[in-house]
Amino acid sequence: MSKAQIVGWAHSQFGKTEYPDTEALMASVVAPALDHAGVSAGEVDGIFVGVMNGGFSKQEFQGALVGMVDGDLSAVPSVRLENACSTGSAAIYTAMDFIESGRGRIALVVGAEKMTAVPTAQVSDILLGGSYRKEEADVEGGFAGVFGRIAQNYFQRYGDRSEELAMIAAKNHSNGVDNPFAHMRKDFGFEFCNAVSDKNPRVAGPLRRTDCSLVSDGAAALVLADEETAANLNRAIGFRARANVNDVFALSRRADILAFDGPRRAWAKALDAGGVTLDDLSFVETHDCFTIAELLEYEAMGLAKQGEGHKVVRDGTTAKGGRLPVNPSGGLKSKGHPIGATGVSMHVMAAMQLMNEAGGIQVPDAKLAGVFNMGGAAVANYVSILERVK
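Residues numbered from 1 in each chain as written. Predicted model: local features only at pLDDT ≥ 70, side-chain atom pairs only at ≥ 80, totals over all residues. Heavy atoms only, no water.

1. Focus on the nonpolar core
Generally speaking, nonpolar side chains in soluble globular proteins are found buried as a group. This is how it is decided: Nonpolar cores are built from buried Ala, Val, Leu, Ile, Met, Phe, Trp, Tyr and Cys residues. Side-chain atoms within 4.5 Å join them into one set. The buried label applies to any residue whose accessible area, calculated with a 1.4 Å probe on protein chains only, is under 20% of its type's maximum; exposed applies above 50%, and partly exposed to all values in between. Contact between two residues is taken to exist if any of their heavy atoms lie within 4.5 Å; hydrogens are not considered.
Phe147, Trp267, Ile292 and Ile385 are the most contacted members of the largest nonpolar core, which totals 92 residues. When sequence neighbours within four positions are dropped, the list of residues in contact with Ile292 reads Phe147, Ile150, Ala151, Tyr154, Leu165 and Leu207.

2. Considerations on the UniProt feature "domain: Thiolase N-terminal" (unreviewed entry) in the chain
Condition: UniProt positions are given in the numbering used here, feature names are shortened, and annotations may be inferred rather than shown by experiment. For the purposes of this entry, the term helix denotes a DSSP run of H or I that reaches at least four residues, the term strand denotes a run of E that reaches at least two, and both are numbered from the N terminus.
Per the UniProt entry, the sites bearing "domain: Thiolase N-terminal" (unreviewed entry) are residues 6-183 in this numbering. The distance from the first to the last C-alpha atom of residues 6-183 is 25 Å, and the span holds 42% helix and 13% strand.

3. A look at the environment of Asn356
Tracing the backbone through its elements, the reader meets Asn356 in the loop between helix H13 (339-354) and strand S10 (368-375). Residue classification places Asn356 among the exposed residues on the basis of a relative accessible area of 57%. C-alpha separation for the pair Asn356 and Ala366, spaced 10 residues apart in sequence, amounts to 7.4 Å.

4. A few points about the layout of surface pockets
Cut-off, in case you're wondering: Grid points spaced at 1 Å and placed over the protein atoms alone form the basis of the search, with a cavity being a set where a 1.4 Å probe fits but cannot get out and a pocket an open set showing protein on both sides within 12 Å along at least five of seven lines. Lining residues have an atom within 4 Å of a point. Grid points are joined across faces, edges and corners, and a volume is the space filled by probe spheres set on the points. Just so you know the grouping, Ala, Val, Leu, Ile, Met, Phe, Trp, Tyr, Cys and Pro go in nonpolar, Asp, Glu, Lys and Arg go in charged, and all remaining residues, Gly too, go in polar.
Looking at the largest pocket, its volume works out to about 680 Å³. If you trace the largest pocket, you find 29 residues lining it, with Arg209, Cys212, Ser213, Leu214 and Val215 closest to the centre. Put simply, the parts of the chain that give the lining of the largest pocket at least two residues each are helix H3 (120-127) and helix H5 (142-158). With four residues, H3 is the single largest residue contributor to the lining of the largest pocket. For the lining of the largest pocket, the per-class residue count stands at 18 nonpolar, eight polar and three charged.

5. Structural notes on the packing of helix H2 (residues 87-100) against H13
Heads up, the condition is: Between the N-to-C directions of two axes lies an angle of 0 to 180 degrees, each axis being a line fitted to C-alpha atoms and, for a helix, fitted only over the stretch in contact.
At their nearest, the axes of H2 and H13 sit 5 Å apart, and the two run at 65° to each other. The segment H2 lies against H13, with Thr87, Gly88, Ser89, Ile92 and Tyr93 engaging Gly340, Gly343, Val344 and His347. Counted by class, the contact of H2 with H13 contains three nonpolar, six polar and no charged residues.

6. Describing the UniProt feature "domain: Thiolase C-terminal" (unreviewed entry) in the chain
Here the UniProt feature "domain: Thiolase C-terminal" (unreviewed entry) sits at residues 247-388. Helix makes up 37% of residues 247-388 and strand makes up 14%, while its end C-alpha atoms are separated by 31 Å.

7. Structural notes on the pairing of strand S8 (residues 237-246)
Put simply, the rule is: Paired strands are those between which DSSP finds at least two bridges.
Summarising the sheet, strand S1 (residues 4-11) and S8 pair through two bridges and their orientation is antiparallel. Bridge assignment links Gln5 to a residue of S8, and that residue is Gly238. Two strands pair when backbone bridges link them, and S8 and strand S11 (residues 380-388) are joined in this way by nine bridges, in the antiparallel orientation. Counterpart to Ala243 in the pairing with S11 is Val383.

Okay, structure coming up:
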């Protein structure tokens, strides 16, 4: 079986953009991604689109929009994937399955979301669709409220870790300053992130505004090819391993929500399949939709024992110059979180690092990358271990 490899990519600016819709956002990255890969639209065998939507736009059937960008793409089979905040990774993995099954040699993956065109209250309600509405629809604060409860439970069990959450926020905002694609390129510093103020109010439970990822517009694209095709192109990023593990949708049915069992099993599966440990990784891009999520993900990946994630924040392990830099791109916290684009963006950021093309956010001598993208409150969990093969 020929493995799928990343051979090209493109990334839009994230933030409140002038692009009116996902069609325009996708159009901004399709041609640059194909050009970066060195392939033509006529060589694409399948298109895989990641857009959550859920009410951000009245336009559905968004898998067909990429075919509007270039006439040579209009007849290419195209499908849209939706998996909450892991929508982009779902699109990537489906494209990889397409190639590795032998059904095609080149696939185009596009992730996009236009979030800023609707009122904030509507955004909150749309995002709540990533939770189990039958039980969680009335959570105060919407999806932020779900993670606010998780943070509250964590503090009750392991102690108040507000300072460590502020340190995570400050770290990611500092990293994002040098990311030209980031929504918020501003170093807020620990003191601002740690204080509750008019500019940094509490949002849900103990979570402050700086503990929550940004509402953003954006798009990212990847071109994937089989090994034989990739060998004749300019670059290739391979998947040493990949894993996708789900957990129970309803939080009430989990034995321990703080265990983040789905991410834990996904990380273990990917590391085992790749024959590597965390010590082998050069950096990790992880899903910091909220700072409490990043803290729990330290524990789920095995970087710290359960309840001790604060230690790797305090000792600098996850800082850009630390033993295992986490979110050198700035993460969702700084870069932004346009839902459908996020998983694709995370893989683009990792690929740029491995090609030594990450500019100011470059991790020196990056050889092996870990990417963790999750949908919902650790429901759909994707872990990729990436390496440069050309």
